[in-house]
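# Residue-level structure breakdown
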Protein chains: 2
Amino acid sequence: MSGLGVRNLLALSATAIGAFYLGSHTKRERLQQSSSHVIRHFPGLPTFGTVSAASLVPAANSANLTATPSRVSQIMKYGFPGLDHVRSHSDYVLSYDRRNRIPHWVFEHLTAESVARNDAVDRSKCDFKPDESIHPFFRSQNTDYRKSGFDRGHMAAAGNHRLHQKHCEETFYLSNMAPQVGQGFNRDAWNSLEMHVRKLTKSYTNVYVCTGPLYLPHKEDNGKMYVKYEVIGSNTVAVPTHFYKVIVGEATDHKLHMEAYVMPNKVISNDTPLNVFQVQPETIERAAGLLFFDQINRNQLTSINGNKI
Amino acid sequence: MSGLGVRNLLALSATAIGAFYLGSHTKRERLQQSSSHVIRHFPGLPTFGTVSAASLVPAANSANLTATPSRVSQIMKYGFPGLDHVRSHSDYVLSYDRRNRIPHWVFEHLTAESVARNDAVDRSKCDFKPDESIHPFFRSQNTDYRKSGFDRGHMAAAGNHRLHQKHCEETFYLSNMAPQVGQGFNRDAWNSLEMHVRKLTKSYTNVYVCTGPLYLPHKEDNGKMYVKYEVIGSNTVAVPTHFYKVIVGEATDHKLHMEAYVMPNKVISNDTPLNVFQVQPETIERAAGLLFFDQINRNQLTSINGNKI
């Protein structure tokens, strides 16, 4: 697909999201009833500052490098997008969508140190493995991906977790995967976006990134809107139509900068600049059914997608 | 559609579910890691027997008839199917799917007394109303349904909540609705199923019923499987392909009987017997990403769909 083709596709896509998710022009209202708020203030539940809800289900098979409550609260510093089947791994936090057998979202906290090349960590020794902490009814398997034509695409990128071999290995749980077009997407445009996120650790002291799938509607000839996506394997693993990343960079002056990207799960020309994929974070929130960085008032942000606000 | 047509359709549908969700023949394994188990045993979280997670977000605008913890624990006696955005109303409990703007599931507890005709309750005085407890990004509106061709179909049926006018009114929150084919489904076959459930209160002391949507995959000419569903209105409210009910009846001898139904969201001939729609509960669990009546060991059940086990 040509760069221009992708631009048109993205323009269409952005229009589609805009039309359907920005239609109501609702003021970004942080309701008291939003579950994370209620939960935070509910007596008897641990508060996010200390032990988060994410630590309810620590990663399986990681006895010697378990997630510490302090690491989880570092990663989730600015709020949980949702609280559905949350798993805390030693260096990332994940919410699992049992119906679609892929994540709702994964959350990572990156620093220059955590993404630096580390010869002690060998990615080639990591194996894709089923996540035993997921009930077998909802657990994806390597066989689901085999001959599907799709890659097992990392949501929390392996290259973001280089401090310990265990950190890297834990990104290979199939619960952290979603079916991605390989050549031209997972190994190309998507990988470029992941590298861009890592590069942000040169500009910011702390980088927080939330990654996940989208199932965006399209209009058909009858004028009606439909969501349509393939499902693969005997466990009917969903193939998302798009993927998103919402990123917050914390500068040395403590100012916060947000970037938000949506990429179609399609072959994308290598010459397509990343800013083509930038969207307003709210469009992703509406489409995903999630609220990102809920504990940051949008007025506290210095920029969104490089634009001063 | 003829009765035979529906039977074929259901047979196909059942085969489809069977093939894709029963393929692995996994033993029904109640893992320790299943979140409800973990949460139940997690210190600092209220246990289900006393105050349930459902009471985190009580129904909005129901100050004079709020859900009591004891009523919630009655309704949810046999376990939560999931814990995503749970709302406890005074006579039913709901989990909201923010991405699809309709419920994941609703849970009701019926007795002969609670479903008895009560002239003090007037359904015609109830109005469909947006649920203010849902964040505006994810809240469905009456305008979403207007001219869509679909009914606002109750998940917790209005006719099941006749003890108080308030109980009936609370079933009219749009968060309790999903787009249903009107003539031939919502007003016919689905209504017959709801009446069947109410009639079970004549055979059982307590009837527990969980209701919700499904988005079932179908095979296309290219041999691949797809999930496809319409979305309506500016809030892109999902139109499920199917709906389910999973029911447990508690007999006077305390024996438990389960029934499980899946109906396509389509015109169904009035002469179609209800048992055509019966499926193994596990097929619904796999398709919905939920576990029903988790606190009942399947060995404790006396019958499933009328068959002794």
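Residues numbered from 1 in each chain as written. Chains lettered and ligands numbered in written order. Predicted model: local features only at pLDDT ≥ 70, side-chain atom pairs only at ≥ 80, totals over all residues. Heavy atoms only, no water.

## Describing the overall build of chain A
Regarding its fold elements, chain A presents nine helices and 13 strands. Counting only residues that meet the buried cut, chain A has 63% of its 309 residues in that class. The long-range fraction of contacts in chain A, counting pairs at least 24 apart against all pairs at least 6 apart in sequence, stands at 71%. Of the roughly 11,900 Å² of accessible surface on chain A, a fraction of 51% belongs to carbon and sulfur atoms. (Helix = DSSP H or I, 4+ residues; strand = E, 2+ residues; numbered from the N terminus. Buried < 20%, exposed > 50% of the residue type's maximum accessible area, 1.4 Å probe, protein only. Contact = heavy atoms within 4.5 Å. Areas by Shrake-Rupley, 256 points an atom, 1.4 Å probe, with all protein chains shown as cover.)

## A word on the packing of aromatic side chains
All told, the structure shown has 22 aromatic pairs over all chains when counted by the stated rule. A ring pair is formed by Tyr78 of chain A and Tyr208 of chain A, whose centres lie 5.4 Å apart and whose planes are at 80°; its orientation type is edge-to-face. With Tyr78 of chain A in the loop between α3 (69-75) and β1 (86-88) and Tyr208 of chain A in strand β6 (residues 206-214), this residue pair connects regions lying 130 residues apart in the sequence. By relative accessible area, which is 3% here, Tyr208 of chain A ends up buried. Aromatic side chains Phe185 of chain A and Trp190 of chain A sit 5.7 Å apart centroid to centroid with 25° between the ring planes, which places their arrangement in the stacked category. In terms of burial, Phe185 of chain A and Trp190 of chain A fall into one category: buried. Among the aromatic residues, ring-to-ring pairing joins Phe80, Trp105, Phe107 and Phe293 of chain A into one connected group. When the ring centre of Tyr173 of chain B is taken as origin, the NZ or CZ atom of Lys129 of chain B, which lies over that ring, is 4.7 Å away. Between Lys228 of chain B and the ring centre of Tyr226 of chain A, over which it is positioned, the NZ or CZ distance is 4.6 Å. (Phe/Tyr/Trp six-rings, centres within 6.5 Å; stacked < 30°, edge-to-face > 60°. Lys NZ or Arg CZ within 6 Å of the ring centre and 35° of its normal.)

## Topic: the side chain of Thr111 of chain B
One can find Thr111 of chain B in the loop between β3 (102-110) and α4 (112-115). In contact with Thr111 of chain B, other than residues within four places in its own chain, are Thr201, Thr205 and Asn206 of chain B.

## Side note on the pairing of strand β12 (residues 301-304) of chain B
Residue and element names in this part refer to chain B. By the bridge criterion, three bridges tie strand β11 (residues 256-264) to β12 in an arrangement that is parallel. Counterpart to Met258 in the pairing with β12 is Ile304. Two strands pair when backbone bridges link them, and β12 and strand β13 (residues 307-308) are joined in this way by two bridges, in the antiparallel orientation. Along β13, the bridge assignment pairs Ser303 with Lys308. Counting the residues in the hairpin turn of β12 and β13 gives two residues, including Asn305, whose phi is positive at 50°. (Pairing = 2+ DSSP bridges.)

## Let's talk about the state of the cysteines
Residue and element names in this part refer to chain A. Across all of its chains, the model carries zero disulfides over all chains by this definition. The thiol of Cys126 is not disulfide-bonded; the next cysteine sulfur, from Cys168, is found 3.5 Å away. On the accessibility criterion, Cys126 (7% relative accessible area) is buried. (Disulfide = S-S within 2.5 Å.)

## As for the UniProt feature "binding site: Mg(2+)" (unreviewed entry) in chain A
All names here are of chain A. In the UniProt entry, the feature "binding site: Mg(2+)" (unreviewed entry) is given for Asn186. Following the sequence through the fold, Asn186 ends up in helix α7 (residues 182-186). In contact with Asn186, other than residues within four places in its own chain, are Asp151, Arg152, Gly153, Gln180, Val181 and Asn191. (UniProt positions renumbered as here; feature names shortened; annotations may be inferred.)

## Description of the sheet that holds strand β11 (residues 256-264) of chain A
Residue and element names in this part refer to chain A. Here we have eight strands laid out as an open sheet, ordered β1-β2-β3-β6-β10-β11-β12-β13, and mixed in their pairing. Only two strands of the sheet have a single neighbouring strand rather than two, namely β1 and β13 (307-308). Those strands touched by helix α8 (residues 189-199) are β3 (102-110), β6, β10 (242-250) and β11, and its axis lies near 10° from that of β10. Docked against the sheet, helix α9 (residues 281-288) engages β6, β10, β11 and β12 (301-304), running at close to 55° with respect to β11. (Axes fitted to C-alpha atoms, helices over the stretch in contact; angles between N-to-C directions.)

## Focus on the UniProt feature "domain: ENPP1-3/EXOG-like endonuclease/phosphodiesterase" (unreviewed entry) in chain A
Per the UniProt record, the feature "domain: ENPP1-3/EXOG-like endonuclease/phosphodiesterase" (unreviewed entry) sits at residues 89-299 of chain A. The annotated region residues 89-299 of chain A carries 18% helix and 30% strand content, and the separation between its end C-alpha atoms amounts to 31 Å.

## Concerning the nonpolar core
If you look at the biggest cluster of nonpolar residues, it comprises 90 residues, and the most contacted ones within it are Tyr229 and Met263 of chain A together with Tyr229 and Met263 of chain B. Excluding its chain neighbours within four sequence positions, the residues that come into contact with Met263 of chain B are Phe185, Ala189, Trp190, Leu193, His242, Phe243, Ile268, Leu274 and Phe277 of chain B. (Core = buried A, V, L, I, M, F, W, Y, C linked by side-chain atoms within 4.5 Å.)

## Here we look at unusual backbone geometry
The backbone phi angle of His85 of chain A is positive, close to 50°, even though this residue is not glycine. Judged by relative accessible area, His85 of chain A falls into the buried class, the value being 9%. Even without glycine at this site, Phe293 of chain B takes up a positive phi of about 50°. Mapped onto the secondary structure, Phe293 of chain B falls in the loop between α9 (281-288) and β12. The buried category is assigned to Phe293 of chain B, whose relative accessible area is 0%.

## Concerning the pattern of salt bridges
Within this structure, the stated rule accounts for 16 salt bridges over all chains. Linking Asp91 of chain A and Arg71 of chain A is a salt bridge whose minimum nitrogen-to-oxygen distance equals 2.7 Å. Of this pair, Asp91 of chain A sits in the loop between β1 and β2 (92-97) while Arg71 of chain A sits in helix α3, and the two are 20 residues apart along the sequence. With its nearest N and O atoms 3.0 Å apart, the salt bridge here joins Asp97 of chain B to Arg99 of chain A. In this pair, Asp97 of chain B is assigned in strand β2 (residues 92-97) and Arg99 of chain A in the loop between β2 and β3, connecting two distinct chains. Each member of the pair, Asp97 of chain B as well as Arg99 of chain A, is classed as buried. (Salt bridge = Lys/Arg side-chain N within 4 Å of Asp/Glu carboxyl O.)

## Quick word on the pairing of strand β6 (residues 206-214) of chain B
Residue and element names in this part refer to chain B. Counting buried residues in β6 gives nine out of nine residues, a clear majority hidden from the surface. By the bridge criterion, nine bridges tie β6 to strand β10 (residues 242-250) in an arrangement that is antiparallel. Residue Gly212 lies in a different strand from β10, and its bridge partner there is Tyr244.

## Structural notes on the confidence of the model for chain A
All names here are of chain A. Averaged over every residue, the pLDDT of chain A is 84; residues scoring 70 or more account for 78%. Note on residues 1-56: pLDDT is under 50 here. Beyond four places in sequence and across chains, it has 121 contacts. Under the prediction, the complex receives an ipTM of 0.83, its pTM being 0.84. (pLDDT = per-residue confidence, 0-100.)

## Concerning the sheet that holds β11 of chain B
Residue and element names in this part refer to chain B. Overall, mixed pairing links the eight strands, which are arranged β1-β2-β3-β6-β10-β11-β12-β13 in an open sheet. Of all strands in the sheet, those bounded by a partner on one side alone are β1 (86-88) and β13. Bridge count between β2 and β3: six bridges; the pairing is antiparallel. If you follow Ser95 over to β3, its bridge partner there is Trp105.

## Some thoughts on the environment of Asn235 of chain A
Residue and element names in this part refer to chain A. Checked against the element boundaries, Asn235 lands in the loop between β8 (225-232) and β9 (237-238). A C-alpha to C-alpha distance of 9.0 Å links Asn235 and Asn100, two positions 135 residues apart in sequence. Those residues in contact with Asn235 that sit more than four places away from it in its chain are Arg101, Arg139, Ser140, Gln141 and Asp144. Side-chain polar atoms of Asn235 contact the side chain of Asp144, separated by 2.8 Å. (Polar contact = N/O pair within 3.5 Å; in protein donor to acceptor, adjacent residues only side chain to side chain.)

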